There are 2 protein chains.
Amino acid sequence: MKAMNIAILGCGTVGGGVAQIVLELQESLKERASTSICLKKIVELEPAKASERFSIPLSYFCGNGSNLTPAEANQHIDDIIASSEIDLVIETIGGKSDFVHDLCLRVINSGKHLVTANKALLAERGKDIFEAAEKMNVKIGFEAAVCGSIPIIKTIKESFTGDKVLSVSGIMNGTSNYILTQMQGEKLEFDQALKLAQQNGYAEADPSLDINGGDARHKLLLLIKLAFGIDVVKDELPVIGIENITKEDIDFADEIDARIKLICYAKKINGDIYATVRPMLVKNSNFLSEVSGATNAVRVNNKYSGVQILIGKGAGSTETAMSIVSDIVFIARYGDKIQNLPVKKEYNFADAREFVFPYLITFHTGNVPGTTGFIATAIGSQQINIETVSHNRHAGEKAMFSVATMPCTLRQIENAIEAIKKERPEMLMSEPKIMPILY
Amino acid sequence: MKAMNIAILGCGTVGGGVAQIVLELQESLKERASTSICLKKIVELEPAKASERFSIPLSYFCGNGSNLTPAEANQHIDDIIASSEIDLVIETIGGKSDFVHDLCLRVINSGKHLVTANKALLAERGKDIFEAAEKMNVKIGFEAAVCGSIPIIKTIKESFTGDKVLSVSGIMNGTSNYILTQMQGEKLEFDQALKLAQQNGYAEADPSLDINGGDARHKLLLLIKLAFGIDVVKDELPVIGIENITKEDIDFADEIDARIKLICYAKKINGDIYATVRPMLVKNSNFLSEVSGATNAVRVNNKYSGVQILIGKGAGSTETAMSIVSDIVFIARYGDKIQNLPVKKEYNFADAREFVFPYLITFHTGNVPGTTGFIATAIGSQQINIETVSHNRHAGEKAMFSVATMPCTLRQIENAIEAIKKERPEMLMSEPKIMPILY
């Protein structure tokens, strides 16, 4: 069989890992793919650094190892796209810029397969990329785009085909999970834990996308596409990040045998898809509560096979690269037969405020008799059944008020809070935090 | 594309689940396979029972729903094997009898694909079955044979192709894990927990294969074949079951923050494959300690992507059937391109007594001063470093002696025990239990 010739665009953390594995595993990849996987070209602005870090001979780099100007790099990319020798391109530049978006389209329109870890691009601007791939009958590998090393894409696409996904959820951002784990284990405030994450390489200098839930949202959008067959526009899926989680919240969770985790959750109920990304209180009886540090975990609840959980590293160089290399092997072996995406469905994407959970509502209030009765009544007026109310942790004039509800919608809770704000605004000494409870 | 016509042989718990899913998911399977999956025939001695349990119209059964004599069933099986209409046969009769073995060979030699959950057959008598499949270029789906619903076969075969498996381990027998969990949680002795498992449908009337480790060994043998590419003969992989685990052992594990689990473990070290199936002490810091009840978990340690864990239901009707249906879809979609088994390797299968772990050794001894020194010396004489020794839980004249070693081989430990038996046999008031410790 003809060899599969590949080119790597961008030789940073992930691209370099791909080159490393492809060069180290040549024999084994040939056995797995039943054809050789040949690395032909790497385009990288600073080859010397990448060459040293990943032990890649300089001869693999366009320009033979000398630094490239952006214009030179573009010329090499153009040559690769124009070359009939290259069968598959690995895009590991990253980001959702017009440049990368157009680059991916050009790769596809030149009849080459595309493998990428680029979740931002595929989640926000993937529609025309997947459409172009259909038209050109080329394959897109994106296992690495969701939870790094965890093979959740292929598992849903190839292993759960004899089932129906009812819900998919999990811890899909390692940085935020590392921060929350440090806050809990080391009793740190958010800022201290973030600094630690940056010092230890778990968070970038600009950690916004990790801590505001944006990165997790990209992953959930891709999983919704795969598991339920619908395209959801980014802004239709509102997210809450972990920036406002305090040590006090973590301590309180501890007291009720739970841990706070940034959870992605999507669920099908009667033809409607509900989804949310936000901090949740995961009870210690739930497996996800045990997933600590930078580890990721995806939980799929299937109609016929029940709950299945996959746990692994959500980021890292060879960890993410492994998923890319496995995609290359899969495309080399199965090529034409692969379906990039499942058949589209007509499910309605519901308003996240209608997502039913048991919720925990916490806020500060005064140390004033009558508070419990008033707030419990306001909540009950919205037809919400209350499981427990506590008005404790009194510190001088300030106390922590918490209500654990029976399953209800976020909208009901927001209405109740609205009513309290209107009638007795002084009772809310801090903006209420509303977290779903996962048992 | 031509439809994929299938026949089911044996419509019990698993075969019935397959029929149910194939009939309920017709549209979805067609989308996933890009061709129709058509159930043509079911051979079952007592169709009425299966029809009712799984809502399968009687018309699908050979003989139109009347009970079959074994001779009639055989005739129907012969017809299916001879029929050019059938593309794929699902063997859900079970067992490793000559009848089932020959049946599978005949299916393959007639040019039909085979999908089965039959771990005993494939692990003990699979060699000529896989060889025949190579010769006939037909595909064998056996995802359901290892840990029911957990897609570990496809994950190793299709998702970790860009990696190297260093070790594979896990909890692969739900019955024994249920029993151990009950012993621990409910403070039961083994016999009581076994009875409970039988009452609740987690253990069969004859639970031998589940509790003596035989079933777990079948699964590990198949995983060794897949992950490392070598065939191991059943008896080369010695097993220890859970029959001799006592409440006292469980309590002792609890005291050292561990749980006793029946663990399958295979590991590659310098071209040698080490493997064992036996009760191990899993420290609470290890994820596997949290896997309770009838749940299964497989842990793969990969060279490039590190530790990956898959958790799910290891048995059950639609749970196991789901894996079979997914295999049918995979064969329908990818057919010829599928590799049944990875390329064979020349690794040496090592003696399990050379498998290095930290071990815990426990036995009863007399309440006699000098014991600790003598035993610790005997162990040290075998070049084993000791981590902790305790000689406690004194009950009258009997005490529990335990030694936690640093990593060493089982052979070293057996030699030490041999020496103690020879010089001071009275010190061993019970046969020592030797359990690897998993951190």
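Residues numbered from 1 in each chain as written. Chains lettered and ligands numbered in written order. Predicted model: local features only at pLDDT ≥ 70, side-chain atom pairs only at ≥ 80, totals over all residues.

### A word on the overall build of chain A
Okay, step 1: Looking only at helices and strands, chain A features 16 helices and 17 strands.
Okay, step 2: In terms of overall size, chain A behaves like a compact globule, its C-alpha atoms giving a radius of gyration of 24 Å where 439 residues would be expected to give roughly 22 Å.
Okay, step 3: Taken along the three principal axes of its C-alpha coordinates, chain A extends 80 × 45 × 35 Å.
Okay, step 4: Put simply, chain A has 439 residues, and 52% of those count as buried.
Okay, step 5: Sequence separation of 24 or more characterises 74% of the internal contacts of chain A that already satisfy a separation of 6 or more. (Helix = DSSP H or I, 4+ residues; strand = E, 2+ residues; numbered from the N terminus. Rg over C-alpha atoms; globule rule 2.2 N^0.38 Å. Buried ≥ 20, exposed ≤ 12 C-beta atoms within 10 Å, placed from the backbone. Contact = placed C-beta atoms within 7 Å.)

### Notes on the interface of chain B and chain A
Okay, step 1: Contacts between the two partners involve 44 residues from chain B, matched on the other side by 44 residues from chain A.
Okay, step 2: Secondary structure elements with two or more residues in the side of chain B that touches chain A: helix H2 (26-33), helix H7 (152-159), strand E10 (306-313) and helix H13 (317-334) of chain B.
Okay, step 3: If you tally residues by element for the side of chain B that touches chain A, the top one is H13 of chain B, at 10 residues.
Okay, step 4: A breakdown of the residues in the side of chain B that touches chain A according to their chemical character gives 18 nonpolar, 15 polar and 11 charged. (Nonpolar A, V, L, I, M, F, W, Y, C, P; charged D, E, K, R; others polar.)

### Thoughts on unusual backbone geometry
Glycine aside, a negative phi is what most residues show, and trans is what most peptide bonds show.
Okay, step 1: Phi at Ser55 of chain A is positive, roughly 55°, even though this residue is not glycine.
Okay, step 2: Relative to the helices and strands, Ser55 of chain A resides in the loop between helix H3 (47-54) and helix H4 (70-82).

### As for the pairing of strand E14 (residues 386-395) of chain B
Residues and elements named next belong to chain B.
Okay, step 1: As defined by bridge partners, E14 adjoins strand E15 (residues 398-405) across seven bridges and the pair is classed as antiparallel. Pairing of Ala395 across the sheet is with Lys398, part of E15.
Okay, step 2: Once E14 ends, the chain turns through two residues before running back antiparallel as E15, passing Gly396 with a positive phi of about 60°. (Pairing = 2+ DSSP bridges.)

### Concerning the packing of helix H1 (residues 13-24) of chain B against H13 of chain B
All names here are of chain B.
Okay, step 1: For the pair H1 and H13, interaxial distance at closest approach is 8 Å and the crossing angle is 65°. In the crossing of H1 with H13, the sense of the turn from one axis to the other is right-handed. Touching Thr13, Val14, Gly16, Gly17, Val18, Gln20, Ile21 and Val22 of H1 are Ser317, Thr318, Thr320, Ala321, Met322, Ile324 and Val325, all from H13.
Okay, step 2: Of the residues assigned to the contact of H1 with H13, the class counts are eight nonpolar, seven polar and no charged. (Axes fitted to C-alpha atoms, helices over the stretch in contact; angles between N-to-C directions. Left-handed = near helix turned anticlockwise from the far one by under 90°.)

### Points about the sheet that holds strand E5 (residues 140-141) of chain A
Residue and element names in this part refer to chain A.
Okay, step 1: Spatial ordering of the open sheet is given by E2-E1-E3-E4-E5, a layout of five strands whose pairing is parallel. The open sheet is flanked by strand E2 (37-43) and E5, the only strands paired with a single partner.
Okay, step 2: As paired strands, strand E1 (residues 4-9) and strand E3 (residues 88-91) are joined by four bridges and run parallel to one another. Along E3, the bridge assignment pairs Ile6 with Leu88.

### Some thoughts on the nonpolar core
Okay, step 1: Grouped together as the largest cluster of nonpolar side chains are 289 residues, with contacts concentrated most on Leu220 and Ile328 of chain A together with Leu220 and Ile328 of chain B.
Okay, step 2: Ile328 of chain B has contacts with Met4, Ile6, Ile37, Leu88, Val115 and Gly141 of chain B, leaving out every residue within four places of it along the chain. (Core = buried A, V, L, I, M, F, W, Y, C linked by C-beta atoms within 7 Å.)

### Side note on the relation of the copies chain B and chain A
Okay, step 1: The operation relating chain B to chain A is a screw motion whose rotation component is 180°, with 0.0 Å of axial translation and a residual RMSD of 0.0 Å. Within this description, the copies of the chain are treated as partners about a two-fold rotation axis. Considering only C-alpha atoms, the residue of chain B closest to the rotation axis is Leu310 of chain B, which sits at 2.3 Å.
Okay, step 2: The fraction of interface residues of chain B whose copies in chain A are also interface residues reaches 100%, indicating that both copies meet through the same surface. (Least-squares fit on C-alpha atoms with pLDDT ≥ 70 in both.)

### A look at the domain arrangement of chain A
Residue and element names in this part refer to chain A.
Okay, step 1: Here chain A is partitioned into domain 1 (4-148 + 318-337), domain 2 (155-313) and domain 3 (355-438).
Okay, step 2: Just the C-alpha atoms count here: the centres of domain 2 and domain 3 sit 24 Å apart.
Okay, step 3: Each side of the interface is counted separately: domain 2 has 12 residues, and domain 3 has 10 residues.
Okay, step 4: When residues in the side of domain 2 that touches domain 3 are grouped by element, the largest group, seven residues, is from strand E8 (residues 272-283). (Domains from an automatic or database assignment.)

### Notes on helix H5 (residues 98-109) of chain B
All names here are of chain B.
Okay, step 1: Between its first and last C-alpha, H5 extends 16 Å over 12 residues, near the 16 Å set by a 1.5 Å rise per residue.
Okay, step 2: Looking only at H5, the buried set comprises Val100, Leu103, Cys104, Val107 and Ile108. Buried residues in H5, looked at end-on, bunch into an arc of 130°, giving them a common side. Among the exposed residues of H5, those oriented more than 90 degrees off its buried face are Asp98 and Asp102.
Okay, step 3: Buried residues in H5 make contact with helix H4 (70-82), strand E3 (88-91), strand E4 (113-116) and helix H6 (119-136). (Expected span 1.5 Å × (residues − 1). Arc of directions from axis to C-beta.)

### Description of the sheet that holds strand E5 (residues 140-141) of chain B
Residue and element names in this part refer to chain B.
Okay, step 1: A sheet is described by the order of its strands in space; here five strands give the open sequence E2-E1-E3-E4-E5, paired in parallel fashion. Looking at strand neighbours, the two that pair on one side only are strand E2 (37-43) and E5, the edges of this open sheet.
Okay, step 2: Of the strands in this sheet, strand E1 (4-9), E2 and E3 are in contact with H4, which crosses E2 at around 150°.

### A closer look at the pairing of strand E13 (residues 359-366) of chain B
Residues and elements named next belong to chain B.
Okay, step 1: Within E13, six of the eight residues are buried, leaving the element largely enclosed by the surrounding structure.
Okay, step 2: One ladder, built from four bridges, connects E13 with strand E17 (residues 433-438); its direction is antiparallel. Its bridge partner lying in E17, Thr362 is registered against Lys433.
Okay, step 3: The sheet contact formed by E13 and E15 spans seven bridges and is antiparallel. Looking at the pairing, Ile361 lines up with Val403 of E15.

### A closer look at the confidence of the model for chain A
Should pLDDT be low for a region, the predicted coordinates there are not to be read in detail.
Okay, step 1: In the predicted model, chain A carries a mean pLDDT of 96, and 100% of its residues have values of at least 70.
Okay, step 2: Both confidence scores are given for the complex: pTM 0.96, ipTM 0.96. (pLDDT = per-residue confidence, 0-100.)

### Some points on the environment of Gly241 of chain A
Residues and elements named next belong to chain A.
Okay, step 1: Within the fold, Gly241 resides in the loop between helix H12 (214-228) and helix H13 (247-255).
Okay, step 2: Counting along the chain gives 30 residues from Gly241 to Ile211, while the straight-line C-alpha distance between them is 5.5 Å.
Okay, step 3: What Gly241 contacts, discounting residues up to four positions off in sequence, is Ile211, Asn212 and Gly213.

### Some points on the packing of H5 of chain B against H6 of chain B
All names here are of chain B.
Okay, step 1: Two elements in contact, H5 and H6, have axes whose closest approach is 9 Å; the angle formed by their N-to-C orientations is 15°. The orientation of H5 with respect to H6, classified from their angle, is roughly parallel. Both H5 and H6 take part in a crossing whose hand is right-handed. Residues Val100, His101, Cys104, Leu105, Ile108 and Asn109 of H5 form the contact with H6, whose own contacting residues are Leu121, Arg125, Asp128, Ile129, Ala132, Ala133 and Met136. (Parallel < 35°, antiparallel > 145°, perpendicular 65-115°, else oblique.)

### So, the environment of Val403 of chain B
Residues and elements named next belong to chain B.
Okay, step 1: The topology assignment puts Val403 in strand E15.
Okay, step 2: Under the C-beta neighbour-count criterion, Val403 is labelled buried, with 24 such atoms within 10 Å.
Okay, step 3: In this structure, the C-alpha to C-alpha distance between Val403 and Ile361, residues 42 residues apart in sequence, is 5.2 Å.
Okay, step 4: Residue contacts for Val403: discarding those within four places in its chain leaves Ile361, Ile379, Ile386 and Val389.

### Some points on helix H15 (residues 410-423) of chain B
Residues and elements named next belong to chain B.
Okay, step 1: With 14 residues, H15 extends 20 Å between its outermost C-alpha atoms, agreeing within 8% with the 20 Å of an ideal straight helix rising 1.5 Å per residue.
Okay, step 2: Residues Leu410, Ile413, Ala416, Ile417 and Ile420 constitute the buried set of H15. Down the axis of H15, the buried set is contained in an arc of 125°. They therefore lie on one face. Exposed residues on H15 whose side chains face more than 90 degrees from its buried face are Glu418, Lys422 and Glu423.
Okay, step 3: Packing partners of the buried residues in H15 comprise E13, helix H14 (371-380), strand E16 (408-409) and E17.

### Details of the environment of Gly213 of chain B
Residue and element names in this part refer to chain B.
Okay, step 1: Its place among the elements puts Gly213 in the loop between helix H10 (208-211) and helix H11 (214-228).
Okay, step 2: Classification of Gly213 as buried rests on a count of 27 C-beta atoms within 10 Å.
Okay, step 3: C-alpha separation for the pair Gly213 and Leu262, spaced 49 residues apart in sequence, amounts to 7.8 Å.
Okay, step 4: Aside from chain neighbours lying at most four places away, what touches Gly213 is Val239, Ile240, Gly241, Leu262 and Val277.

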